[in-house]
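Residues per chain are reported as follows:
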Amino acid sequence: MKQHPPPRASRLLHSVLWLALFATPLAHAGNADIASAQSDSTTDKTKTLEQVTVTGSRSPRVDIEGPSPVITISSKDLDAKGFRSVFDALNSLTQNTGMAQGEDFGNTFTPAANTINLRGLGPNHTLVLINGRRVADYPVAYDGSVNFVNLSNIPSAMIDRIEILNGGASAIYGSDAIAGVVNIILKQKASGLDVNLRVGSTEGGGGSNQRLQIVGGHHWDKLDAVYGIEVTHREPIWGTDRSFMDSLTRDPSGKPSQPTAVFYRRNMDSGKYVDPGNAACAAVGGLYDNSVSRANNPRYGYYCGSDRAAPTFWTVQTEQRNVNAYTSLHYHLSEDTELFGDALFGVDKISNTTRAPSWTSLAAGNSYFLNANSGNTERWYRRFSPEEIGGRTQAGSRFFERSWNATLGIRGSIGDGWKYEAAYNRSEYDNVTTRRAFLAGLDEYFLGPQLGTQNGVPVYAPDAARLYQPLTAGAWNQLTDTYASHNSAWVQTLSLSVNHGDLFELPGGSAGFAGVLEAGSQGYRNTPDARLAQGVFWNNSGSLPSSGKRDRYAVGAELSLPVLSQVIATLAGRYDSYSYAGRNDNKATWSAGLEYRPLDSLLLRGNVATSFRAPDMNYIFASATNGYIPGLTDYYRCRVAGQAFGNCDFNNQSINYTSYGSTKLKAENARSFSYGLVWSPNTQLDVSVDYYKIRINNEVTNLSADGVLRDEADCRLGQTQGGQPIDITSAQCQSTLARVQRNPAGGIDPLTATRIFVNPINAASERTSGIDASGNYRWNTAGYGDFALRVNYSLVLTHDYQQFPGGVVLNVRDGAGESDSGSTFQWRSKLNGSLSWHYHDVTTTLFGTRYGSLPNADQSGRIAPYFRYNASVAYRINDRTSISLVVNNLLDKAPPKDRTGSGWPFYPVGNYDPYGRQWWIEANYHFGS
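Residues numbered from 1 in each chain as written. Predicted model: local features only at pLDDT ≥ 70, side-chain atom pairs only at ≥ 80, totals over all residues. Heavy atoms only, no water.

## A few points about helix H16 (residues 705–717)
Turning to step 1, where the next piece is worked out: Here H16 contains 13 residues, and its C-alpha end-to-end distance of 18 Å stays within 8% of the 18 Å for a straight helix at 1.5 Å per residue.
Turning to step 2, where the next piece is worked out: All buried positions along H16 are accounted for by Ala705, Gly707, Val708, Leu709, Arg710, Asp711, Glu712, Ala713, Asp714 and Cys715.
Turning to step 3, where the next piece is worked out: Phi for Gly718, located one or two positions after H16, is positive at around 80°. (Helix = DSSP H or I, 4+ residues; strand = E, 2+ residues; numbered from the N terminus. Expected span 1.5 Å × (residues − 1). Buried < 20%, exposed > 50% of the residue type's maximum accessible area, 1.4 Å probe, protein only.)

And the structure:
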């Protein structure tokens, strides 16, 4: 049996601890990138591993894999595989089985940001690092609840590679590393100057974009420098730009689509609409691109509606302008000691629109009044069109964001084989969100002065013709004003780490050791416009300023133990202490890994680890916030009426809510387990298969308003939508019912939901398991070029969620319920693969993804699997110049349709994008040697 050389003994130390402590992790082999394979074609099959191994190395994968699977995305993959951005590349991972709404999906909380959802456990359970160090959270919480790192502004020009460690890793990284770790590694070396210009657009219209990247590097005696800048611009894509969603008449269910109500009067005593007549609707018929007409709801009667009102005001892809810059400096004090520093800066301007501005009479109260002219209790409603307000962008939000991340440190060697690093890192993220909103007094504009009250109901004598009179741009400007909210987040860490790769001898070789000491803090501040809480704006009481800070201290160590020539054991432990709100929360975590190589070509591996997540800052410190949430569906009333959610009379409801944080929250606990094998019989072929299992206990749960309404409907009706029995007397149901306020059954507007209460608690548990598999095959052909094939596959075997101890266990994998960290809409499987061909100066890559089935809206079945393909072709003109064509969604496939009446836009938003075919032409030129 071949004896493994001593460097093998410290390989795990290099692949994991150097990733965490020295920000120079091992890049695992097996990437199917042709260019990398070509550049390595002269390398011997047997090579001594160094601290950093180049992605695409021909070294057998079995030699450099460790006890836990690590995925590598090279910088060349971003363009070669047709990815739009860094986020798009990470979103393509087969391990990313959960949906996540963000800047490209119209999410109303964080439409300027993107995140991923590894294992479907939620954006806040994946730790995202840059150069192995923590970065500031996005200042606004995802879904109004959880904190996360924004992936939409990472400059691809400066990326060397991205490494994803699957499973729990808190023993190395501390909090957040439950579902996995994403480490974005920026360039540390460059020579000369590279200029890249990219211009592109979309097949369906909208989304035209341009990008300029400049990356360079230089060496002056003892100083090495790398620098780069990336400037991008992207036009928006509107819902009306895509033919499958530009109108409600596109409903794939085959059922007659109910036009969106644009104007209506409703008699609250009878529950019916007051017929506006043809003349009133004709007076506003030119709005929404001449689509408004008199429509009939079989249950409620006639109103003025439009089938284009929803898509007109939705940017399915935001408008962006970004400037990002990066520099990295290394000054060599001696042969084994260097000072280093790096800094990443970003400025972003983003615009998006999610919904038309609308008015509901007396929305801040019960939304109804006594009409002195008709003698009826009525509710009035209207939406405003682009023609009335001076263009649809007037209803949008604008985000001005600045972020920076900087590190300063020293590293070197001391004593006999000891290496050290001392570093200080700070990251900040600032966001200013600007919106236009109606001023107080809007009710009087449409209803006239209040005449008093009768039995507690406000009395007005409005002119009905005023409701159906189009607004002028001048009136819009007079009735509205702009407000701005300021948000910021920051994190800083001081760390000292040591490493020794030859600590003592064991039968299999030299033992390795690494240790780390950390002290850090993080904080955030949300400062809403003070006028929101002063009643200046109509139907918006706003929220109070919210802020928080906590300190963190940690100590950790890892041992790499080659107990035999074929067996390497890894042990790691870490202790973290958090201090906030006058209390301490301490967590100890550990992990153990084992590698066994019975053959040179075969690795058997396993790993078990404990992890934790400190409560999100927003969960802890958020102040009591009052507001209203538009676009909600009252699932209880829809199910009682026997109506599909998409065409229900009780969807698109605006419901008041109250939310607040809690300083009593404790850390979540998790345990993960994985085992598998890597088989690499030669340098051309490698295959890996791994089983994983993750369980989270004491999970913080803060139900979304949509989740509360879904659960409340289950409790009131005694069963889920899928027919699973629910006990209304259970503690879970009693808590859920208390969160929803409804009007009395016998009064005006009976059973209408008037307010939802949400707050975080430690209660939930979640567990998931599955299988990951991957394979690579590379081959050369005489006269026909070189080929490379890579395939990745993930299968979710189980995913269960229990909201409260003793409560119902929901089968999230099969769509039986919704978890707080994910969604009902999760893929059970995901497959992707790439085939690359390199011939002389031409390189082409075809990349495909198969998304598994999803539950449909009414959970009566599943939406069939969906396939997407990207492609690229690059031509090297000479040693300095190359051009390429990149196509995303090569076959221009629309997202899969939900034919069960899910409602507009008729596909699972957040799981798929509606962009269609996108293409770019790129030109690259290198200056210098």
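## Describing the pattern of salt bridges
Turning to step 1, where the next piece is worked out: Inspection of the entire model under this criterion finds 43 salt bridges.
Turning to step 2, where the next piece is worked out: Between Arg531 and Asp481 there is a salt bridge, with the nearest N and O atoms lying 3.0 Å from each other. One end of the pair, Arg531, is in the loop between strand E26 (512–527) and strand E27 (546–564); the other, Asp481, is in strand E23 (residues 480–500), and 50 residues separate them in sequence.
Turning to step 3, where the next piece is worked out: Owing to a relative accessible area of 28%, Asp481 belongs among the partly exposed residues under this scheme.
Turning to step 4, where the next piece is worked out: Across the pair Asp616 and Arg613 runs a salt bridge whose closest N-O atoms are separated by 2.3 Å. Assigned by exposure class, Asp616 and Arg613 land together as buried.
Turning to step 5, where the next piece is worked out: Salt bridges sharing common partners tie together Arg84, Asp88, Arg868 and Asp913. (Salt bridge = Lys/Arg side-chain N within 4 Å of Asp/Glu carboxyl O.)

## Re the packing of aromatic side chains
Turning to step 1, where the next piece is worked out: Within the structure shown, the criterion is met by 36 aromatic pairs.
Turning to step 2, where the next piece is worked out: Arranged with centres 5.7 Å apart and planes meeting at 15°, the rings of Trp837 and Tyr839 form a pair that is stacked.
Turning to step 3, where the next piece is worked out: In this structure Trp837 comes out as partly exposed when scored by relative accessible area, which is 29%.
Turning to step 4, where the next piece is worked out: A relative accessible area of 31% means that Tyr839 is categorised as partly exposed.
Turning to step 5, where the next piece is worked out: Each member of the aromatic cluster is reached from another via a ring pair, and the members are Trp359, Phe384, Phe438, Tyr445, Phe446, Trp476 and Trp538. (Phe/Tyr/Trp six-rings, centres within 6.5 Å; stacked < 30°, edge-to-face > 60°.)

## Observations regarding the state of the cysteines
Turning to step 1, where the next piece is worked out: Taken as a whole and assessed by the stated rule, the structure comprises three disulfides.
Turning to step 2, where the next piece is worked out: The disulfide that involves Cys281 links it to Cys304, with 2.0 Å between the sulfurs. On the sign convention where negative is left-handed, the bridge of Cys281 and Cys304, at about -90° about the S-S bond, is left-handed. Separated by 23 residues along the polypeptide, Cys281 in helix H7 (residues 277–283) and Cys304 in strand E12 (residues 301–306) bring together distant segments of the chain. The same class applies to Cys281 as to Cys304, namely buried.
Turning to step 3, where the next piece is worked out: Here Cys715 is linked by a disulfide to Cys733, with a sulfur-sulfur distance of 2.1 Å. When the S-S torsion is -85°, as for the bridge of Cys715 with Cys733, the disulfide is left-handed. Here Cys715, found in helix H16, pairs with Cys733, found in helix H17 (residues 731–738); they are 18 residues apart in sequence, far enough to count as distant. The two residues Cys715 and Cys733 agree in class, both being buried.
Turning to step 4, where the next piece is worked out: Taken in N- to C-terminal order, the disulfide-linked cysteines of the protein chain are connected 1-2, 3-4, 5-6. (Disulfide = S-S within 2.5 Å.)

## Things to note about the side chain of Arg242
Turning to step 1, where the next piece is worked out: Topologically, Arg242 is positioned in the loop between strand E9 (237–238) and strand E10 (260–267).
Turning to step 2, where the next piece is worked out: For the buried Arg242, which has no salt bridge, the nearest side chain bearing the opposite charge is Asp241, at an N-O separation of 5.2 Å.
Turning to step 3, where the next piece is worked out: Only 3.3 Å separates the side chain of Arg242 from the side chain of Thr202, close enough to count as a polar contact.
Turning to step 4, where the next piece is worked out: Polar side-chain contacts of Arg242 include one of 2.9 Å to the backbone oxygen of Tyr915.
Turning to step 5, where the next piece is worked out: Discounting residues that sit within four places of it in the chain, Arg242 has contacts with Thr202, Gly204, Gly205, Ile237, Pro914, Tyr915 and Gly916. (Lys, Arg positive; Asp, Glu negative; His and termini not counted. Polar contact = N/O pair within 3.5 Å; in protein donor to acceptor, adjacent residues only side chain to side chain. Contact = heavy atoms within 4.5 Å.)

## Observations concerning unusual backbone geometry
Turning to step 1, where the next piece is worked out: A cis amide bond links Trp904 with the next residue in sequence, Pro905, at an omega value of 5°.
Turning to step 2, where the next piece is worked out: Inspection of the secondary structure assignment puts Pro905 in the loop between strand E45 (881–888) and strand E46 (918–927).
Turning to step 3, where the next piece is worked out: Of note, the phi angle at Asp289 is positive, near 60°, even though the residue is not glycine.
Turning to step 4, where the next piece is worked out: Positive phi is not limited to glycine here, since His840 has a value of about 55°.
Turning to step 5, where the next piece is worked out: Position of His840 relative to the elements: it lies in the loop between strand E40 (829–839) and strand E41 (842–851).
Turning to step 6, where the next piece is worked out: For His840, a relative accessible area of 59% translates into the label exposed.

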